[in-house]
Amino acid sequence: MKLLHYKMNIKIKCVYIATLSLLTLSIGAYAQTTVQSPYSKFGLGNLRGSVLPQQRGMGGIGAGVFRSSYINNINMQNPASYAGINLTTLDIGVSGSSTELRTSNLSETSFNSSLSHVAMAFPLTQKSAVSIGILPYSELGYDFKNTTTIGTGTNAKTVDYLYNGEGGLSKAYIGYGIQFGDHFRVGANAEYLFGNLIQSRATEIAELGAVNSRDQVKNSIYGMNFSYGVQYDFRLGNKTSLVLGYSGSASSKLNSERSQYTTIYNKDSQGNAQSALDTLDFIENGKTNLKLPLMHNFGFTLQKENKWLIGADYRMGKWSQMTIDNVNQNLQNTYGVSVGGQFTPDITSINGYFNRVDYRLGLTYDKTYIQMNNQDVKQMGVTFGLGLPLKSAYGRSSFYKMNVSAEVGRRGKITNGLIQERYVTFHLGFMLNDKWFQRFKFD
């Protein structure tokens, strides 16, 4: 009986491993996540941040987040936190976003969704653990038109300038965290960034038979990056502690293969583009490089184990130093603040399910690396979240939780001819804590 149960348990765990591998390959195949944001045209696109739904519900805090309950969470934003993981942890999630683009007299709404992350962590010793995973790093997606009139009188012509972009970067990582003594932890992630950024610009004249032009640039980016972190906690009481944390990301150089095509074409009477008449310029897989900036994140949390947690982060990035092929991209330095917390009424409640639920709330504010018409583009939002415990399959050795979060926010504002994005993003994650490949005893 014991041997049969043990073999069945191994088979179940193998299914989990196979599922993880399949989902990892799926994210790799669909790394080009979809977004609809004119501001993603700049830099590497809209940056996603290395936080899972449980942290997004608290405004995205992460530098000082350690363990606040018996449940293990994967906090890849500060790899020093891996040291607190004592059970095999698997976290898989999806996300969706509804975006409204607004100008002074127009508006448009879109919805996009994607598989957002696959992450896993497992302990090596009582004070160290390893984590691996894959998640989006940035998203690129826009499609808009600017119409002007050139010439005067009978020579006046309407010209459409069409802008389109798609793609993004993904991040696969492996990290290690270890604790020294009772209070100090360090950790690091080795990250492989990869993906394509495809952007095109076309000039079309609203006249049958007119010759139009299109310029398309594709950057295939890949390479290693490194992030690191430290945490130190002060025990303020029996179950109360203050955690101070710092995490950063190195200024790394990535490889980039740049392809560029400039073509001319006609449109038919229905306005559809015909095959290219000629190719004026052609560059195939030109080798170059991309330099990422140095980034810092400082934070703290004050927490009572299994009861509540509050914290804040301050982050900044030297994006003005970003270059492609040693050419500065004219981006701005960034900074941002997140504040948030979590409250669990009674984690030991037997009959009151909602007393065991984690309730989360947060605020986030960022000055992005974009400046248009001498105005900084800023982003701010309010976040909400729930941690919903699920029934365990193996009793006390396994813990399941579903984490949901939402962010209501805006990016940019309607002044000086700019565009404002109002968005609602949803994140859903399923998390498993288990002690894999253990033997069960029967009385």
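Everything numeric in this text was worked out from a predicted model, so none of it was measured.

1. A closer look at the overall build of the protein
Looking only at helices and strands, the protein has two helices and 19 strands in total. The buried share of the protein, reckoned over its 443 residues, is 48%. Contacts spanning at least 24 positions in sequence make up 66% of the contacts within the protein whose residues lie at least 6 apart. Total accessible area computed for the protein in this model is approximately 21700 Å², and 57% of it derives from carbon and sulfur atoms.

2. Topic: the layout of surface pockets
Considering only enclosed or pocket space, the largest pocket measures out at about 760 Å³ in volume. Forming the boundary of the largest pocket are 25 residues, of which Lys-41, Gln-199, Val-217, Arg-258 and Gln-329 lie nearest the centre. The greatest single-element share of the lining of the largest pocket, amounting to four residues, is contributed by strand β6 (residues 184-205).

3. Considering the side chain of Arg-185
In this structure, Arg-185 sits in strand β6. The buried category is assigned to Arg-185, whose relative accessible area is 0%. Filtering out sequence-adjacent residues up to four positions away, Arg-185 remains in contact with Phe-66, Ala-80, Ala-83, Ile-178, Gln-179, Gly-229, Val-230, Gln-231, Asp-233 and Val-243.

4. Digging into a nonpolar patch on the surface
A contiguous nonpolar patch, built from Phe-298, Tyr-314, Met-316, Tyr-335, Val-337, Val-339, Leu-361, Leu-363, Val-382, Phe-384 and Val-408 and spanning about 900 Å² of accessible area, is present on the exposed surface. Mapped onto the nonpolar patch, the elements with two or more residues apiece are β12 (308-317), β15 (334-343), β16 (358-372) and β17 (375-390). The biggest single contributor to the nonpolar patch is β15, with three residues.

5. Observations concerning the confidence of the model for the protein
In the predicted model, the protein carries a mean pLDDT of 86, and 88% of its residues have values of at least 70. Taken as a whole, residues 1-12 scores under 50 in pLDDT and shows 13 contacts with residues more than four places along the chain or in a different chain. Segment residues 22-33: pLDDT under 50, and 22 contacts once partners within four positions in sequence are set aside and those in other chains are kept.

Thresholds applied
- Residues numbered from 1 in each chain as written.
- Predicted model: local features only at pLDDT ≥ 70, side-chain atom pairs only at ≥ 80, totals over all residues.
- Heavy atoms only, no water.
- Helix = DSSP H or I, 4+ residues; strand = E, 2+ residues; numbered from the N terminus.
- Buried < 20%, exposed > 50% of the residue type's maximum accessible area, 1.4 Å probe, protein only.
- Contact = heavy atoms within 4.5 Å.
- Areas by Shrake-Rupley, 256 points an atom, 1.4 Å probe, with all protein chains shown as cover.
- 1 Å grid on protein atoms, 1.4 Å probe; cavity = no way out; pocket = protein on both sides within 12 Å on 5 of 7 lines; lining within 4 Å.
- Points joined across faces, edges and corners; volume = space filled by probe spheres on them.
- Patch = residues over 30% accessible without salt bridge, like charges linked within 9 Å, V, L, I, M, F, W, Y side chains within 5 Å.
- Salt bridge = Lys/Arg side-chain N within 4 Å of Asp/Glu carboxyl O.
- pLDDT = per-residue confidence, 0-100.

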